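The lines below spell out each chain.
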Amino acid sequence: MDAHQDRPLKPGALSAAGPIVRIDNVTKRFGVVTAVDAVNLEIARGEFFCLLGGSGSGKTTLLRMIAGLEFPDEGQVTIDGEDMTHAPAYARPVNMMFQSYALFPHLSVEKNVAFGLQEEKRPKAEIVERVREALAMLDMQDFGARKPHQLSGGQRQRVAFARALVKHPKILLLDEPLAALDKKLRERAQVELVRLRERVGITFIMVTHDQEEAMSMASRIALMQDGRIVQVGSPRELYDAPVSRYVADFFGGANLFEGKLTRAERGEGVAECAEAGVTLRGQCAEVSVQGASVTVMVRPERMQLSRTQPTADNAVRGRIASIVFLGGFHACRVTLESGKIVLARLSPAEFMSAGAPAPGDDIYLSWPASAARVLSR
Amino acid sequence: MKAHSQRAGSFVIGLPAAWLFLFVLLPLLIVLAISLVEMRTGSPPYTPFFTWESGLPRMHAQGGNYALLFSDRLYIDAFLSSIRIAATSAFIALFIAYPMAYAISRAKESVRTPLLMLVVLPFWTSFLIRVYAWTGILNSNGLINNALLNFGLIKTPLPLLHTEFAVHLGIVYSYLPFMVLPIFAVLEKLDWTYLEAAADLGARPLKAFLRVTLPLSLPGVFAGFLLVFIPALGEFIVPELLGGPDTLMIGRVLWTEFFSNRDWPLASALAVGLLVLVLVPATLMFRVMRKGEAA
Amino acid sequence: MKNRSAFALSVLAFGYAFLYVPIAILIIYSFNDSRLVTVWSHFSTRWYGELFRNAQIGDALWLSLRVAAASATASVVLGTCAAFAMRRMRSLAARGAFEALVTTPLILPEVLTGLSLLLLFVFLGETIGWPGQRGAVTIGLAHITFGMAYATVVIRARLSQLDPALEEAAADLGATPSRTFLRVTLPLLTPAIFAAWLLAFTLSLDDVVIASFVTGPGATTLPLVIFSSVRLGVSPQINALATLLVLSAACLILIATLVLRREERRMQAAKE
C-alpha cells in the first residue's frame, strides 16, 4: 500500500474546479521587515498541505493571511474562486486551530463548539445536533458540560478541532498543532490528524517548523525561507530532489560535496569535487553553466560500504572515524583523504555483509548517479 | 461592516480623550493662567486672565505670585519641609515594610496571599478614618498618654499629637501598603538559588543578604519609595489632623491660602510649584517603569 | 533556621499590629459609654443609637452612596474605553500623550486636582453659564475623573493578560468585532471591571480634599461631615460610624477577593 505521501495528486485536482486557495504575488511587511515576499502558491482541494520553515520564514504570516487575521500589502488571496484578499476573518469559509487552542475559558465545551454556529444564527435544534456530532467524531461526547480548565491538553486540542470543524469550513488551518505535545503523543496525533482529514474530506493547511512532522503528514509541502517559497512538492520530491543546499540540509542529514561542473547532458551532471578527490556524477535538474560552482548531494542511507574497490558511478576512499549503533541502523562517520567527513547509514544487513567494520578500517563508499543530485545553489 | 467598526473605534478613543482634555488638561492650563493674575474681592476672586479689547484678546499676566513664592520664607520653608517630611517618612516606611515583605515572600505558598491581603485590607477602609484613629491614640488623654500616666512613667501628658512626629507616623501608617507591595513583588520573583549559591561560596546569611538579596531587590525598593514619597509631598489630611501649627506642608499651605485667605491666584502659583515638585520624581518613576517593562 | 522564622514572625507581628491596632482601638472605643472617648467606663451601644438618629449623617451617607455609585459606573465605562483606546492607537506619540493624561490624576496631589477642577467649573460657569451652582454634580464629575484613571489601570492590566488568540478565534468562527467584544472580551474582563468599580466606588466614598474644593451649598458628602467633625477633636459618634464603615469595607473586600480568586484560578488553568 502506498504511503499517502506517494499518492500523486488526483489528476486534474489543481484544475478541476480550480485550486481551493490561490496566493498571487502576496507581500506583507511589518515596518521595515518583509515577512512575506511576493509569494505565489496554489493549494488543491482535499490536500493535506504543509507550510514548513524556521522562525521568521513567513509561514505563519502566510497562514494568517489565508485566515483573514492579517491582510496583504500587495497581491491577491483567492479562496474557492472568490477574491478574499481583504475579507475579514469572520467572512471567510475558513476555520483555524490555534497553537494555544484558544478555547473560551468562560464557556463550556458544548458552548465553545456551538459558538460559530450561533454566529451563523442556526436554529437551536440544528446546533445541538451538529455539536453532538462534532464532539462524537473526536470522542469528546462525554465532556460537553466541562469547562476548558477541567480538561487535559490533549482533550482541549480535540475540542478545538471540533469547534473548528463543526462549521464545515472549506479549509481547516492548523498553526503548529502538535507543538505542545510530548513525543509519544505527537506521533499518535500525527496519525490521527491524517485520518481525520480523510474522514472529513476537506483541505488542511498546516504550519510547522518540524520537518519530520511535515514529511509524515503532508501530501505536499512548501518550504519557506525569509518570506519566500524555496520549493514546493511532495515529501519525496523535497527529500530526493531538493533544488538547493538549504532544502537538502533542511530534510535530514545530507552529504554535500563542493565542486565545479565539468559536463551536463540529458539530466546528468559531472562535477570535479576536490573534497571527494574524484569526479562525481549525479542527477542535474537545472541547466547549469559549465565551470559553475555546484554542490553534489548524497543521502547517508544511499551510500554502500565495501572493503574493496566497487564498480559504481561514484566511489570514494576513506577511513572509519566512528561507527555507532542506533537501533535500526548503524551511523558511520568516514574521513576521506581530503579530510572531509562523510556520513553513511548502514542497515543491519549491510553492516554484516561489509564484515562488521570498525573504527580505523579503510573502506570504500559508493553510490549510483541516480542517488546523487547536482545542485547549483 | 468596516465603516461601522471604524465609527465605533473613533468613539472608543474619542470619548475618553475628550474627557481627559476637558477635565485633566484644561483645568491644569487654567491653574497656570490663574497663577499669573491678581487677587481681588468679588466673584470670581481674581482678575481676568485676558480681556477683549476691540475684538482682540489681551493677556494680563504678571509674575507677582511667583515673586512672592520665592521671596517669602514661609513658602520656601513649606516646600523644603514637605520634601524633608515626605522623604523621612518614606525611609521609615521602608524600614518597616522591607522586613515584612521579606517575611511574606519567604512564607509558605498557601499563606502568602492571605498575608498580603491583610496588608492591603486597611487601604480599602477610609483614609480619613485611619488617620483620625491616631488622634485618639496620640492626644493628651489618648491611649498612649493614659497608659504611660497609669504606669507612673510620666507625670504630665506628652505632646504627641499636633507634632511633626505625629505627621511622620500618619504618613508611614497610611502609605505602608504601597511600600510593602512593590518590594514583595520583586522579592517573590527572586531566584532563591542565588542565596544558596552564595551560601555555597561561604557567605554567612547576613552577608548574603547584603550582597545578593538587597541589590537585587532595589528596583522594588525604589518603586516603593516613590509610591510613598510622591503622594506624601502633597499630603493635606495627615498634616491637617495630626500636625501642629508649625508643621509646614505645601498641601496645607495651599489650602489655607485658598480657603482662609481667599487668595486663589497665590494658591494656583503654589499648585504649579507643587506640580513641578511632583513631576521630577514622577518622571523618574516612569522612566524606571519603562525600563522595567522592556527588561 | 529557627532564628529566621522567629525573626520573621516577630517582624510580621509588629507590622500587622501597627496596621491594625489603631483600627481595633477605634472599634473598641465605639462601644465605650464614656463621652471622654479614650477613658473606658463601660460597654454601651448608645453612640450607635445616636448615630442612627443623626439626620445630618444619614443624609450625607445617602448622598455619598449615590455619588459613589454613579461616578464608579461612569468611571468604569470611561476606563474600559480608555483601555481599548490605548490598545488601538497606532501612533506612538498620540498613545504616549493619552497615557500621560490618563495617569495624571493618579500622581497629582489631591489639592492640585481639587483646585484645578474648581477653577475649571468657575471658568465654565463664567463663560458658558454652566455649572451655575456647584454641588453633587460637580463632585460626581471630579470623582469620575480620578476614578477613570484607576479603572483604566486595572482594566488595562487584565486586557493585556488576555490571550489575543481568543479574540482571533472568535473572529475566525464568524463573530464581528462588536459580537466578539460582547461574547468573549467583556465576559473575560468582568472580574477586572468589577474590581475597578469597587475601587472607584471606595475612592469616591472616601474623598475629602477634592470634594471640599468642588462642592457647593447643600451638597455635603459623608467624608466632609466626618472631616469637619474630627477637626474639632475626637467624637464618639464618629467612632461608631468609623467602625461601621471599616467593617462593611472589610466584608466587601473579602467577598470581592474570594470572587476574584475563583476567576483567577479558572483563567490560569485555562491558559496552561
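Quick caveat, the model's predicted, so the values are computed rather than measured.

**Digging into the overall build of chain B**
Then comes step 1: The helix and strand tally for chain B stands at twelve helices and two strands.
Then comes step 2: In sequence order, chain B lays out its α and β elements as α-β-β-α-α-α-α-α-α-α-α-α-α-α.
Then comes step 3: For 295 residues, the compact-globule estimate of 2.2 N^0.38 gives 19 Å, and the C-alpha radius of gyration of chain B, at 25 Å, exceeds that figure by more than 25%.
Then comes step 4: For chain B, the spread of C-alpha atoms along the three principal axes comes to 85 × 75 × 35 Å.
Then comes step 5: Split into buried and exposed, the 295 residues of chain B put 43% on the buried side.
Then comes step 6: Long-range contacts, defined as pairs at least 24 residues apart, comprise 69% of the intrachain contacts of chain B with a sequence gap of at least 6.

**Quick look at the overall build of chain A**
Then comes step 1: From N to C terminus, chain A includes nine helices and 20 strands.
Then comes step 2: Within chain A, buried positions represent 42% of all 377 residues.

**Looking at the pairing of strand 6 (residues 94–97) of chain A**
Residues and elements named next belong to chain A.
Then comes step 1: Going residue by residue along strand 6, you find Val-94 and Met-96 tucked away on one face and Asn-95 and Met-97 tucked away on the opposite face as well.
Then comes step 2: Two strands pair when backbone bridges link them, and strand 6 and strand 7 (residues 171–175) are joined in this way by four bridges, in the parallel orientation. The partner of Val-94 across the bridge, within strand 7, is Ile-171.

**Some details on the interface of chain C and chain B**
Then comes step 1: Residue-level contacts link 63 residues of chain C with 67 residues of chain B.
Then comes step 2: Mapped by element, the contributors of at least two residues to the side of chain C that touches chain B are helix 1 (2–29), helix 3 (55–88), helix 4 (92–107), helix 5 (110–128), helix 6 (136–161), helix 8 (177–206), helix 10 (222–231) and helix 11 (236–271) of chain C.
Then comes step 3: Top element by residues in the side of chain C that touches chain B is helix 1 of chain C. It accounts for twelve residues.
Then comes step 4: When the residues that make up the side of chain C that touches chain B are grouped by side-chain class, the tally is 50 nonpolar, nine polar and four charged.

**A few points about the domain arrangement of chain A**
Then comes step 1: If you check the domain split of chain A, you get domain 1 (21–93 + 169–240) and domain 2 (253–375).
Then comes step 2: Each of domain 1 of chain A and domain 2 of chain A has a C-alpha centre, and the two are 34 Å apart.

**Focus on the sheet that holds strand 16 (residues 314–325) of chain A**
Residue and element names in this part refer to chain A.
Then comes step 1: If you trace the five strands from one edge of the open sheet to the other, you get 15-19-16-17-18, paired in antiparallel fashion. Either end of the sheet is taken by a strand with one partner, and the two such strands are strand 15 (304–306) and strand 18 (341–346). Strand after strand, the sheet turns through a mean of 45° between neighbouring axes, direction not considered.
Then comes step 2: Pairing of strand 16 with strand 17 (residues 330–336) involves seven bridges; the strand directions are antiparallel. Paired with Gly-318 across the two strands is Leu-336, which belongs to strand 17.

**A short note on the environment of Val-31 of chain B**
Then comes step 1: Position of Val-31 of chain B relative to the elements: it lies in helix 1 (residues 2–34).
Then comes step 2: For the pair Val-31 of chain B and Val-272 of chain B, spaced 241 residues apart in sequence, the C-alpha to C-alpha distance is 7.4 Å.
Then comes step 3: Sequence-distant contacts of Val-31 of chain B, that is, excluding residues within four places in its chain, are made with Ser-268, Ala-271 and Val-272 of chain B together with Leu-115, Ser-116 and Leu-119 of chain C.

**Quick look at the arrangement of the chains**
Then comes step 1: The highest contact count of any of the two pairs of chains in contact belongs to chains B and C.
Then comes step 2: If you take every C-alpha in chain A and every C-alpha in chain B, the smallest gap between them is 9 Å, and the two do not touch.

**A few points about unusual backbone geometry**
Then comes step 1: In this structure, Pro-131 of chain C follows Trp-130 of chain C across a cis peptide bond, with omega equal to -5°.
Then comes step 2: Mapped onto the fold, Pro-131 of chain C is located in the loop between helix 5 and helix 6.
Then comes step 3: With phi around 50°, His-168 of chain A is a residue other than glycine that occupies positive phi space.
Then comes step 4: Tracing the backbone shows His-168 of chain A in the loop between helix 4 (153–165) and strand 7.

**Points about helix 1 (residues 59–67) of chain A**
Then comes step 1: With nine of nine residues buried, helix 1 of chain A is to be regarded as a mostly interior element.
Then comes step 2: After helix 1 of chain A finishes, the residue Gly-68 of chain A shows a positive phi value of roughly 95°.

**Side note on the interface of chain A and chain C**
Then comes step 1: Taken residue by residue, the interface counts 21 residues in chain A and 19 residues in chain C.
Then comes step 2: Elements with a minimum of two residues in the side of chain A that touches chain C: strand 6 and helix 2 (109–119) of chain A.

**What about the pairing of strand 13 (residues 278–284) of chain A?**
Residues and elements named next belong to chain A.
Then comes step 1: Inspection of the sheet shows strand 12 (residues 268–273) paired to strand 13 by six bridges, in the antiparallel sense. Along strand 13, the bridge assignment pairs Val-270 with Arg-281.
Then comes step 2: The hairpin turn running from strand 12 into strand 13, its antiparallel successor, is four residues long, and Gly-277 in that turn takes a positive phi close to 80°.

**Some points on the nonpolar core**
Then comes step 1: Residues Leu-173 of chain A, Leu-270 of chain B together with Ala-196 of chain C are the most contacted members of the largest nonpolar core, which totals 280 residues.
Then comes step 2: Element by element, the count of residues in this core is highest for helix 7 (residues 164–189) of chain B, at 16 residues.
Then comes step 3: Counting contributing residues per domain, this core is built from domain 1 (21–93 + 169–240) and domain 2 (253–375) of chain A, each supplying no fewer than three.
Then comes step 4: Apart from the residues lying within four places of it in its own chain, the contact partners of Leu-270 of chain B are Leu-69, Tyr-75, Ile-250, Val-253, Leu-254 and Glu-257 of chain B.

Criteria and thresholds
Residues numbered from 1 in each chain as written. Chains lettered and ligands numbered in written order. Predicted model: local features only at pLDDT ≥ 70, side-chain atom pairs only at ≥ 80, totals over all residues. Helix = DSSP H or I, 4+ residues; strand = E, 2+ residues; numbered from the N terminus. Rg over C-alpha atoms; globule rule 2.2 N^0.38 Å. Buried ≥ 20, exposed ≤ 12 C-beta atoms within 10 Å, placed from the backbone. Contact = placed C-beta atoms within 7 Å. Pairing = 2+ DSSP bridges. Nonpolar A, V, L, I, M, F, W, Y, C, P; charged D, E, K, R; others polar. Domains from an automatic or database assignment. Axes fitted to C-alpha atoms, helices over the stretch in contact; angles between N-to-C directions. Core = buried A, V, L, I, M, F, W, Y, C linked by C-beta atoms within 7 Å.

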